Amino acid sequence: MSDGLLPRAKIPRPAFVPVADDRIRGIGLIVAGFALVACADAAVKWSLPEVGVAAAMIWRGAIGAIAVAVVAGFRNIVPRNGRLITARSLLHTAVTLAFYGAWAAGLPLADSYAVVAVAPLLMTLMAVPMLGETFGWRRTLSTLVGFCGVLVMLRPGGDLWRWEAGMLAAGVAALALTRIWTRQLARTDAPETIAFWLMAAHVPVGFLLLPVFPAPSLLPSWPVVAALVFLGIGNGLAHTLFARAFSLAPVGILAPYEYTTLVWGGILGFLIWHEVPAWATLAGAAVVIAAGLYNLHREQVRARQKRAA
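Residues numbered from 1 in each chain as written. Predicted model: local features only at pLDDT ≥ 70, side-chain atom pairs only at ≥ 80, totals over all residues. Heavy atoms only, no water.

Visitor: Explanation requested: the overall build of the protein in the structure shown.
Guide: On a plain count of helices and strands, the protein comes out with 12 helices and zero strands. Along the protein, from the amino end to the carboxyl end, the secondary structure elements read α-α-α-α-α-α-α-α-α-α-α-α. Each principal axis of the C-alpha atoms in the protein carries an extent, and together these give about 70 × 45 × 35 Å. Out of the 309 residues belonging to the protein, those deemed buried represent 49%. (Helix = DSSP H or I, 4+ residues; strand = E, 2+ residues; numbered from the N terminus. Buried < 20%, exposed > 50% of the residue type's maximum accessible area, 1.4 Å probe, protein only.)

Below, the structure is given as structure tokens:
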């Protein structure tokens, strides 16, 4: 940053990255993270009939924690905000249980991501009391319209009118809360710390759930083992990217990019299981996405107004 006194050739390089660049980097990281998550989700959904929900959680946690620790060089593992790290990690195991349970029961990948599309709207609401963020009547109205899109997807008699979707909706609410906690933890803990303990928490919880969700096969086939290893590595790296992204950019900027999973889920679901979402699911998801993108637009408008003032 120049003070106008030094010759151009001697101006020192900034020791920090400008806020605008931070936001762009945060967006790039979270888009890459969601792409990894979608591929890992497809891997675990394909593996669930052979390993079961609890064993999949154990594989995810063990391999994911090792992957994060290796990437971090076995540094930045000890948490500073241990209480919030523990709460977030345990709550995320409940999110994982809701997703794996829904997929094991046959819920299509793209349909599950359509339900997940409500997460950015929930994050917008939660960011007000938890992060001190504010929004006006326009974003309030667009958020309400977005929830109307959820009602279209979950309408009685529709393809998503099933108990698995209801369980998943509860998991999505918990997911939104963990995203907010990620933003709070970014002030005290490194991204590797947040991701490591999230992965590690899945191991004991998975073992506790084994009597309820016993593994169909004690020795999975090699293709399934490969898929589970990719699941762990992909999730570990993705959650490291998420934590880093939320440390660089506000929730309101990053939340809409959750919608990219709909694209990945649609492609992967069609290629692997020949799944095609129902029209109501697509219509409702379109309303939810439009509301989320409008919220992003209003966030940018307000940011420009503050800079101008």
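Structure shown, so let's carry the discussion forward.
Visitor: It is not clear to me how the layout of surface pockets should be interpreted in this structure. Could you clarify?
Guide: A probe as big as a water molecule, rolled over the atoms, marks out the empty space that is left. Space inside the largest pocket adds up to approximately 630 Å³. Contributions of two or more residues to the lining of the largest pocket are made by α1 (19-51), α5 (119-131) and α12 (279-308). Examining the composition of the lining of the largest pocket, we find that eight residues originate from one element, α12, more than from any other. (1 Å grid on protein atoms, 1.4 Å probe; cavity = no way out; pocket = protein on both sides within 12 Å on 5 of 7 lines; lining within 4 Å. Points joined across faces, edges and corners; volume = space filled by probe spheres on them.)

Visitor: When you look at the environment of L84 in this model, what are you seeing that I'm missing?
Guide: In this structure, L84 sits in helix α3 (residues 82-104). For L84, a relative accessible area of 16% gives the class buried. Each C-alpha atom of the pair L84 and T178 lies 9.9 Å from the other, and the pair is 94 residues apart in sequence. Those residues in contact with L84, other than ones at most four positions away along the chain, are W181, Q184 and L185. (Contact = heavy atoms within 4.5 Å.)

Visitor: Before we go on, may I ask you to explain the packing of aromatic side chains in this structure?
Guide: How two aromatic rings sit relative to each other is set out by the distance from centre to centre and by the angle between their planes. This model, assessed by the stated rule, comprises four aromatic pairs. A centroid spacing of 5.6 Å and a plane angle of 70 degrees characterise the contact between F99 and W103, whose relative ring orientation is edge-to-face. Placement of the pair is F99 and W103 together in helix α3, with a separation of four residues, close to one helical turn. Across the pair, W103 and F99 agree in class, each one buried. In textbook terms, an aromatic cluster arises when at least three aromatic residues are bridged by ring pairs, as seen for F99, Y100 and W103. Over the ring of W273 we find K45; its NZ or CZ atom is 4.2 Å from the centre of that ring. (Phe/Tyr/Trp six-rings, centres within 6.5 Å; stacked < 30°, edge-to-face > 60°. Lys NZ or Arg CZ within 6 Å of the ring centre and 35° of its normal.)

Visitor: Which parts of the structure should I look at to understand the nonpolar core?
Guide: General note: in soluble globular proteins, nonpolar side chains tend to be found buried as a group. In terms of nonpolar packing, the biggest core is built from 62 residues, with F99, Y100 and V172 touching the most fellow members. Leaving out residues up to four positions away in the same chain, F99 has contacts with V116, L168 and V172. By size, the runner-up hydrophobic cluster in this structure holds nine residues, among which are A65, A69, F196 and M199. (Core = buried A, V, L, I, M, F, W, Y, C linked by side-chain atoms within 4.5 Å.)

Visitor: Would you mind showing me how to read the packing of helix α2 (residues 53-71) against helix α8 (residues 191-209) here?
Guide: Two measures define how a pair of helices packs: the angle their axes make with one another and the distance between the axes. Relative to each other, α2 and α8 sit at 155 degrees, their axes nearing to 7 Å. Considered as vectors, α2 and α8 are oriented roughly antiparallel to each other. Read as a crossing pair, α2 and α8 show a hand that is left-handed. Residues A54, M57, I58, R60, G61, A62, G64, A65, V68 and A69 of α2 form the contact with α8, whose participating residues are E192, A195, F196, L198, M199, A200, H202, V203, V205, G206, F207 and L209. Looking at the contact of α2 with α8, its residues break down into 16 nonpolar, four polar and two charged. (Axes fitted to C-alpha atoms, helices over the stretch in contact; angles between N-to-C directions. Parallel < 35°, antiparallel > 145°, perpendicular 65-115°, else oblique. Left-handed = near helix turned anticlockwise from the far one by under 90°. Nonpolar A, V, L, I, M, F, W, Y, C, P; charged D, E, K, R; others polar.)

Visitor: Would you mind showing me how to read the environment of V276 here?
Guide: Take V276: it is sitting in the loop between α11 (260-273) and α12. The class for V276 is exposed, based on a relative accessible area of 64%. Taking the C-alpha atoms as reference, V276 lies 12 Å from L262; in sequence the two are 14 residues apart.

Visitor: Is there a simple way to explain unusual backbone geometry in this structure?
Guide: Glycine aside, residues mostly have negative phi, and peptide bonds are mostly found in the trans state. With phi around 60 degrees, F74 is a residue other than glycine that occupies positive phi space. Along the chain, F74 falls in the loop between α2 and α3. Here F74 falls in the exposed class, since its relative accessible area comes to 62%. With a phi angle near 55 degrees, N76 is a residue other than glycine that sits in the positive phi range.

Visitor: What is the right way to read the pattern of salt bridges from this model?
Guide: Charged atoms that come close allow side chains of opposite charge to pair. Enumeration according to the criterion identifies three salt bridges in this entry. A salt bridge links D22 to R25; the shortest N-O distance between them is 3.7 Å. Of the two residues, D22 and R25 both sit in helix α1, three residues apart, roughly one turn of that helix. (Salt bridge = Lys/Arg side-chain N within 4 Å of Asp/Glu carboxyl O.)

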